[in-house]
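What follows is the residue order along each chain.
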Amino acid sequence: MGISFTPQLKKMLVDAGCYYERQGKGDHEIWYSPVTERRFVVDSSIKSRHTANAVLKQAGLPKCF
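Per-chain numbering applies: the sequence of each chain, read as written, is numbered from 1 onward. With the structure being a predicted model, the display of local features is reserved for residues of pLDDT at least 70 and the display and counting of side-chain atom pairs for 80 or more, all residues being used for whole-chain, interface and lining totals. Processing note: side-chain calculations cover all non-hydrogen atoms of the structure and skip hydrogens and water entirely.

Now for the packing of helix α1 (residues 6–15) against helix α2 (residues 49–58). Between N-to-C directions, angles span 0 to 180 degrees; the directions come from axes that are lines fitted to C-alpha atoms, helices contributing only their stretch in contact. Per the convention used, a helix needs a DSSP run of H or I reaching at least four residues, while a strand needs a run of E reaching at least two, with both numbered from the N terminus. Where α1 meets α2, the axes come as close as 11 Å, and the angle between the chain directions of the two elements is 15 degrees. Put simply, α1 runs roughly parallel to α2. Considering only the axes of α1 and α2, their crossing is right-handed. On the side of α1, the interface is formed by L9, M12 and L13, while α2 contributes A52, V55 and L56. Across the contact of α1 with α2, the residue classes break down as 6 nonpolar, no polar and no charged. Put simply, angles under 35 degrees are roughly parallel, angles over 145 are roughly antiparallel, angles from 65 to 115 are roughly perpendicular, and the rest are oblique. A clockwise turn of the near helix away from the far one marks a right-handed crossing, whereas an anticlockwise turn of less than a right angle marks a left-handed crossing. Residue contacts are defined here by distance: any two heavy atoms, one from each residue, within 4.5 Å place the two residues in contact. Three classes are used, and their members are as follows: Ala, Val, Leu, Ile, Met, Phe, Trp, Tyr, Cys and Pro are nonpolar, Asp, Glu, Lys and Arg are charged, and the others, Gly among them, are polar.

This part takes up α1. Where α1 is concerned, the buried positions are T6, L9 and L13. Projected down its long axis, α1 carries its buried residues within an arc of 60 degrees, all on one side. Seen from the buried face of α1, the exposed residues on the opposite side, beyond 90 degrees, are P7, K11 and D15. Residues of α1 that are buried in the fold lie against β2 (28–33), β3 (38–43) and α2. Residue exposure (1.4 Å probe, protein chains only): buried if accessible area is under 20% of the type maximum, exposed if over 50%, otherwise partly exposed. In this description, one arc is meant: the one made by directions from the helix axis to the C-beta atoms.

To continue, consider the nonpolar core. L9, L13, F40, V42, I46 and V55 are the most contacted members of the largest nonpolar core, which has 14 residues in total. The dominant element in this core, judged by the number of residues it contributes, is α2, at 3 residues. When sequence neighbours within four positions are dropped, the list of residues in contact with I46 reads I3, S4, F5, T6, L9, T51, A52 and V55. What is meant by a nonpolar core is a set of buried Ala, Val, Leu, Ile, Met, Phe, Trp, Tyr and Cys residues, joined one to another through side-chain atoms within 4.5 Å.

Looking now at the environment of Q58. Turning to its location among the elements, Q58 is positioned in helix α2. Separated by 23 residues in sequence, Q58 and V35 have C-alpha atoms that sit 9.6 Å apart.

Extensive coverage of β2 is indicated by the burial of 5 of its 6 residues. Sheet topology note: the strand β1 (residues 19–23)/β2 ladder contains 4 bridges and is antiparallel. Each residue of the ladder has a partner; that of Q23, found in β2, is E29. For two strands to be treated as a pair, DSSP must find no fewer than two bridges joining them. The turn joining β1 and β2, which pair antiparallel and follow one another in sequence, is formed by 4 residues; a positive phi near 60 degrees is taken by G26. With 6 bridges connecting them, β2 and β3 associate as antiparallel partners. Bridge assignment links E29 to a residue of β3, and that residue is V42. The hairpin formed by β2 and β3 contains 4 residues between the paired strands, and E37 there has a positive phi angle of roughly 55 degrees.

See below:
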């Protein structure tokens, strides 16, 4: 379970029109979703599929992990 879901997650976010806005606290990034018109946090190393799906939900996208 040492793999990170972050690279695949970021690709899905970009494909959906979401984009990186700025660096957050620690190793977190602030992203913006045009679907929900809201900002959300993406950790640089997401190891849990539940967390990855929660990020997709915040972005207004269907879960897929």
